[in-house]
Structure formats: C-alpha cells, structure tokens
Amino acid sequence: MNQLTATLSVGALLLTSTAALAETAPPSVAAAVSRKVGAFEVTALKDTNYVIPNDGSVFGINAGTAEVDRALSAAGAETGHVTLSVGGLLVKGRGHVVLIDTGVGPGEHGTLLESLAKAGVTADQVTDVLITHSHGDHVGGLVGADGKPAFPHAKIRMADKEWAFAPTQADVKPLTAVIAPQVVTFPAAGGVVLPGIRAVRVAGHTPGHVAYEITSKGERLLDVGDTAHSSIVSLSHPEWVIGFDTDAKVGIASRSALLRRLSKSHERIYAPHFPFPGF
C-alpha cells in the first residue's frame, strides 16, 4: 500500500468512525467563545470531540507509538490516545457573517448549529462559508438533517483544487451534489476571498487545503485549519507523519514552515482541533 493509499484509507476511517470515537470522547456541549480582531468579532464554535487511539496509524507514523506516548506524557496528558476538539470559527464584520468550516454535521451529532445560536446567529443569516478543506469533519455540517443546504443564503467558498478533490471521497461525494449551486471557488494559491480575509495556501494535507488570515486595524488571526491537529504532538514534533495528510512529505514541510513563521511573528491563531476554544 503506497503512502497516498494508506493516507486516504486512514482519512476514510476517521470520517466513517465518528460515532464510535464519540463513545469514548468527552461529551460535546454547545459553546461559543468570542474575541475581537480589530473591527471583526470572531467566535469559536464547539462542534464535537474525537479520541484517536495511539495505534501507529494516525499520529507519529514514522516515530512509533512509544514516542507519541512519550510526547503526551511530557506534556502532562494521558497516554494511549490523542484527544482532538472539532469546531468552526464565526467571523462578523464588514457586511458579512462568515463561518469557517462547519463541523461533522447532524448525522454525527455535531453541535455547531447550537453553538452558532449561542453566538446569536441563525443559519440563514450566514452570508459566506469558507472551507479550509473537504474532510468530513469540516464540511459535514454543510447539509442539514433534512438533506438540504444548512446555510441556504450563503456562498460556499473553497479552493478550486479542493472542490475537485471533494467528490473523490466516498462520504463527501453525496454532499457535493447538494451544495454545488452555492459553491464559489478561488485559486488554490490563495489570496483575498472577502474584505479582511485572505486564504493562505498550506500544502500537503489535501490538494486545496488553505488557512484563512483575518486582518483588521493592524490585528491578525490565522485560522490554521488542519495544519496542526494536536496541540501537543503537532507542535512538539511537526516532523512526524500524520495519517490524515494526502502527501506526508509536503505536509511535514508546510507544517514546519508555518510553525516557524508563527513562532517568530507571534501571530494569534485559531486551531479547530486544539482544546476548545482553540485560540
């Protein structure tokens, strides 16, 4: 099995095993935590939790389970598994109500819509949905329990390469037919997608994976998407292979480069898989 096939297999396992993972994950409760970024109000929205077994198939594939456990223990975390939050980021300002990523969706008991309500926003008020990438835990919430678009008045924006990649994933393909009329693509290289919000190419995770940088009045916040998954493992060992990346080598290089840049700039980030609220 080559690296790409192995990675896609692990990714498919994650997308289809959310319910099983949730049996041992901390219970998910709707929550919304807000910050200011210049004139923008940004709000972290809780969706669900994952508990990923440390079995050598996802974290530290090139390091081994003992090394992963050692990294977890050094940080004071439980060993044997890696716990990840799942969430989205609400951005309000400049005439737009923007949601970055949508969580796992109602079929997997995600609470993102309830968290959105806690932030005082209804689904039909969302004007734009920005997608970092098309894995199920980021796009699952685009379709409601009734099989219709969850954000009926929103434009759904993602990189052109990511929109091409989305239907190649068995669990995501049915969703693409529902949302197709709302989708607006932009070049995978990135650039300004909305006033004050710029897509930043972060290669390796999926073909069109991007981060989103929010800028206002000299302040910045970078939604890193899946550049880093674990606040422990991904930050202490960015050189370790993670099974969710479609191109492991490129993913390591991109992750390491972005983390080096952030360690120098001290730019604030939002990471949807870090412990909630992820700021």
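Structure report, in brief. Remember, it's a predicted structure, so these values are computed and weren't measured experimentally.

Reading the values: the criteria
Residues numbered from 1 in each chain as written. Predicted model: local features only at pLDDT ≥ 70, side-chain atom pairs only at ≥ 80, totals over all residues. Heavy atoms only, no water. Salt bridge = Lys/Arg side-chain N within 4 Å of Asp/Glu carboxyl O. Helix = DSSP H or I, 4+ residues; strand = E, 2+ residues; numbered from the N terminus. Expected span 1.5 Å × (residues − 1). Buried < 20%, exposed > 50% of the residue type's maximum accessible area, 1.4 Å probe, protein only. Contact = heavy atoms within 4.5 Å. Pairing = 2+ DSSP bridges. Axes fitted to C-alpha atoms, helices over the stretch in contact; angles between N-to-C directions. Phe/Tyr/Trp six-rings, centres within 6.5 Å; stacked < 30°, edge-to-face > 60°. Arc of directions from axis to C-beta. Core = buried A, V, L, I, M, F, W, Y, C linked by side-chain atoms within 4.5 Å. Right-handed = clockwise from strand over helix to strand, strands pointing away.

Description of the pattern of salt bridges
Logical step 1: Counting across every chain of the model gives ten salt bridges.
Logical step 2: Across the pair Asp 128 and Arg 157 runs a salt bridge, and its minimum N-O distance is 3.0 Å. Here Asp 128 is found in strand S5 (residues 128-130), whereas its partner Arg 157 is found in strand S6 (residues 155-159), with 29 residues between them in sequence.
Logical step 3: Note that Arg 261 and Glu 267 form a salt bridge whose closest N and O atoms lie 3.1 Å from each other.

Details of helix H9 (residues 248-265)
Logical step 1: Across its 18 residues, H9 extends 26 Å between first and last C-alpha, which sits within 8% of the 26 Å expected from 1.5 Å per residue.
Logical step 2: Residues Ala 248, Gly 251, Ile 252, Ser 254, Arg 255, Ser 256, Leu 258, Leu 259 and Leu 262 constitute the buried set of H9.

Structural notes on the side chain of His 209
Logical step 1: Relative to the assigned elements, His 209 resides in the loop between strand S9 (197-201) and strand S10 (210-216).
Logical step 2: Taking relative accessible area as the criterion, His 209 reaches 1% and is therefore assigned buried.
Logical step 3: Ignoring anything within four residues of it in the chain, the contact list for His 209 reads Thr 132, His 133, Glu 162, Arg 201, Val 202, Val 224, Gly 225, Asp 226 and Thr 227.

Considering the sheet that holds strand S3 (residues 81-93)
Logical step 1: If you trace the seven strands from one edge of the open sheet to the other, you get S1-S2-S3-S4-S5-S6-S7, paired in mixed fashion. Whereas interior strands pair on both sides, the edge strands pair on one side only; in this sheet they are strand S1 (32-37) and strand S7 (183-186). Adjacent strand axes in the sheet meet at a mean angle of 25° when their direction is disregarded.
Logical step 2: As judged from the six bridges shared by S1 and strand S2 (residues 40-53), these two strands associate in the antiparallel manner. Residue pairing in the sheet places Ala 32 in a bridge with Leu 45 of S2.

Looking at the sheet that holds strand S12 (residues 268-270)
Logical step 1: The strand order S8-S9-S10-S11-S12 describes an open sheet built from five strands, whose pairing is mixed. Looking at which strands have only one partner, the edges of the open sheet turn out to be strand S8 (190-194) and S12. This sheet shows a mean twist of 25° between the axes of neighbouring strands, independent of strand direction.
Logical step 2: The strands touched by H9 are S10, strand S11 (219-223) and S12; relative to S11, the strand with the most contacts, the crossing angle is about 155°.

Here we look at the packing of aromatic side chains
Logical step 1: Enumeration over the complete set of coordinates arrives at two aromatic pairs.
Logical step 2: Centre to centre, the rings of Phe 186 and Tyr 212 are 6.4 Å apart; their planes meet at 75°, and the pair counts as edge-to-face. Note that Phe 186 is positioned in strand S7 and Tyr 212 in strand S10, a separation of 26 residues in sequence.
Logical step 3: We classify Phe 186 as buried; its relative accessible area is 10%.

Structural notes on helix H3 (residues 65-74)
Logical step 1: All of the buried residues in H3 are Val 68, Ala 71 and Leu 72. Down the axis of H3, the sector holding all buried residues measures 100°, keeping them to one side.
Logical step 2: Those residues of H3 that are buried are in contact with S3 and helix H8 (233-236).
Logical step 3: Just beyond H3, the residue with positive phi is Gly 76, at close to 80°.

Section: the nonpolar core
Logical step 1: If you look at the biggest cluster of nonpolar residues, it comprises 25 residues, and the most contacted ones within it are Val 126, Val 129, Leu 142, Phe 151 and Ile 156.
Logical step 2: At the level of elements, strand S4 (96-100), helix H4 (112-118), S6 and helix H7 (173-179) are the ones that each hand at least two residues to this core.
Logical step 3: Excluding anything up to four places from it in sequence, Val 129 contacts Leu 99, Thr 102, Leu 142, Phe 151, Ala 154, Lys 155, Ile 156 and Arg 157.
Logical step 4: Formed by 21 residues, the second largest nonpolar core is a distinct cluster that contains Val 98, Ile 197, Tyr 212 and Tyr 270.

Remarks on the pairing of S4
Logical step 1: Buried residues dominate S4, accounting for four of its five residues.
Logical step 2: One ladder, built from five bridges, connects S3 with S4; its direction is antiparallel. Bridge pairing in S4 places Leu 89 opposite Ile 100.
Logical step 3: Linking S3 back to S4 in an antiparallel pair, the connection comprises two residues, with Arg 94 at a positive phi of about 55°.
Logical step 4: Note: S4 against S5, three bridges, orientation parallel. The partner of Val 98 across the bridge, within S5, is Asp 128.
Logical step 5: In this fold, the crossover linking S4 to S5 by way of H4 has right-handed handedness.

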